[in-house]
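# Reading the structure
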Amino acid sequence: MPLSQLKDSVPVTGMGPQVGAYGVQDTLRSGFSSVKNELLPSHALELSEKNFQLNQDKINFSNLRNIQGLHAPLKLQMEYRAARQIQRLPFLQSSHLALDTLKGNDESISFEDILNDPAQSEMMGEPHVMVEYKLGMM
Amino acid sequence: RKMATLSVCQPQLGGFSFENCKRNAVLEAEVTKLGCNIPSARKTGTTICGVVFKDGIVLGADTRATEGMIVADKNCSKIHYISPNIYCCGAGTAADTEMTTQIISSNLELHSLSTSRLPRVATANRMLKQMLFRYQGHIGAALVLGGVDCNGPHLYSIYPHGSTDKLPYVTMGSGSLAAMAVFEDRYKQDMEEEDAKRLVRDAIAAGIFNDLGSGSNIDLCVITKGRVDYLRPHDMANKKGVRTGNYKYKQGTTGVLTKSVIKLDLEVVEETVQTMDTS
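Residues numbered from 1 in each chain as written. Chains lettered and ligands numbered in written order. Predicted model: local features only at pLDDT ≥ 70, side-chain atom pairs only at ≥ 80, totals over all residues. Heavy atoms only, no water.

Here we take up the overall build of chain B. Tallying secondary structure elements over chain B gives 6 helices and 13 strands in all. For chain B, the C-alpha radius of gyration of 27 Å lies well beyond 19 Å, the compact-globule estimate for 279 residues. Buried residues in chain B amount to 42% of all 279 residues. A separation of at least 24 residues holds for 60% of the contacts in chain B among residues at least 6 apart in sequence. Only carbon and sulfur atoms are counted for the fraction: they give 53% of the accessible area of chain B, which is about 17100 Å². Charge centroids of chain B, computed over 32 positive and 29 negative side chains, lie 3 Å from each other. (Helix = DSSP H or I, 4+ residues; strand = E, 2+ residues; numbered from the N terminus. Rg over C-alpha atoms; globule rule 2.2 N^0.38 Å. Buried < 20%, exposed > 50% of the residue type's maximum accessible area, 1.4 Å probe, protein only. Contact = heavy atoms within 4.5 Å. Areas by Shrake-Rupley, 256 points an atom, 1.4 Å probe, with all protein chains shown as cover. Lys, Arg positive; Asp, Glu negative; His and termini not counted. Charge placed at Lys NZ, Arg CZ, Asp CG, Glu CD.)

Here we take up helix α2 (residues 21-34) of chain B. The terminal C-alpha atoms of α2 of chain B, which comprises 14 residues, lie 20 Å apart, in line with the 20 Å expected from a rise of 1.5 Å per residue. Looking at the residues trailing α2 of chain B, positive phi occurs at Gly 35 of chain B, about 95°. (Expected span 1.5 Å × (residues − 1).)

Right, let's talk about helix α3 (residues 94-115) of chain B for a bit. Residue and element names in this part refer to chain B. Here α3 spans 31 Å end to end across 22 residues, near enough to the 32 Å set by a 1.5 Å rise per residue. Residues of α3 that are buried: Ala 94, Asp 96, Thr 97, Thr 100, Thr 101, Ile 103, Ile 104, Ser 105, Asn 107, Leu 108 and Ser 112. Positive phi shows up at Ser 116, right after α3, with a value of about 45°.

Our next topic: the pattern of salt bridges. Summed over all chains, the structure comprises 13 salt bridges over all chains. For Arg 134 of chain B, the salt bridge is made with Glu 112 of chain A, and the minimal N-O distance between the two is 3.4 Å. Of this pair, Arg 134 of chain B sits in helix α4 (residues 121-134) while Glu 112 of chain A sits in helix α7 (residues 111-114), placing the two residues on different chains. In this structure Arg 134 of chain B comes out as buried when scored by relative accessible area, which is 17%. (Salt bridge = Lys/Arg side-chain N within 4 Å of Asp/Glu carboxyl O.)

Here we come to the UniProt feature "active site" (unreviewed entry) in chain B. All names here are of chain B. Here, the residues flagged by UniProt with the feature "active site" (unreviewed entry) are Thr 46. As for its position among the elements, Thr 46 is in the loop between β1 (43-44) and β2 (48-52). A relative accessible area of 0% places Thr 46 in the buried class. The residues contacting Thr 46, other than those within four sequence positions of it, are Asp 62, Arg 64, Lys 78, Ala 91, Met 172, Gly 173, Ser 174, Gly 175, Asp 211, Gly 213 and Ser 214. Reaching out from Thr 46, the side chain makes a polar contact with the side chain of Lys 78 at a distance of 2.4 Å. (UniProt positions renumbered as here; feature names shortened; annotations may be inferred. Polar contact = N/O pair within 3.5 Å; in protein donor to acceptor, adjacent residues only side chain to side chain.)

See the structure below:
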């Protein structure tokens, strides 16, 4: 069965060029571009790790749909969407407690909790730019 | 470039960060051009093994950790705790085995608190293989997992790419062939505890004496229903030698011809007291 006809296949969000307004490279915000930096992943695991959570969710929802019917993933996704809205502005640390409890992340520890903890990151996000990006104004 | 975009638009995510991979690749190319080597990770080129006997499991490991051709740790502990009834030996990159077993141990504890049951070895096996497969073998951890749960004793071997085998006797590491030779010769089903301990000790000793990557002492871990004996060290196969001769000269060997004592007058010029801040 060809890949494109499989139900629930995830389009991989690749490493496309950083386009800003007018469809042109946004040098001010994302620096100079080079083909090598953008089209090739720097590590074999980079792409798969970037999409890992998406793929897992897709697999789980698809299983749930096959077992319990269409209503189950729909209800769950509605709950996730509601829980995802409980957060502070993007440049502040939010605990995502409701979302974690729904997803079951409160009962497991993985590398996301140990390495590169965002709460301890040395760089702070640009508040205005982040809020603009979140509201889709950028 | 990645740092700039991420910190500008979206909040940082946790987990592995691949920012420095390109820089590392460039550095490695430069360094090989100059003829040097980049520092290598500490490995536990190792002999680890496990065997199922009548009442439970015996796990065994050597205690040498290597860094290239140098012994980095003469007495490192390779049998890691996973849960009160499950232990895991680790071969491969030392940091990888250490962190992987700690993460799985934490997850298993949370899981057992949530189910209020003693954890099963199959659960630990499934968690380990799913994590190792996710990272496609880049986490270099080859493990021998053994324990006793409600269904009896179980022994698994887990490879870095995520495949597992459930067998009555397993060996892993650079000395695995030497240890497996001993097992293939002398393993019997339903052995007694003393026989099983002797067999594992001999298998690890075969790895220690025939493989350069394994050495020093032999650690054993005996797991039965309700009891765990962590024998570290079980057998010090490579004790450091004691010097037999003393080359120090006795006092008075050299004859004294003349002796003169000169007293030095020292006067106190300046005395300062510096208080230490111990708050």
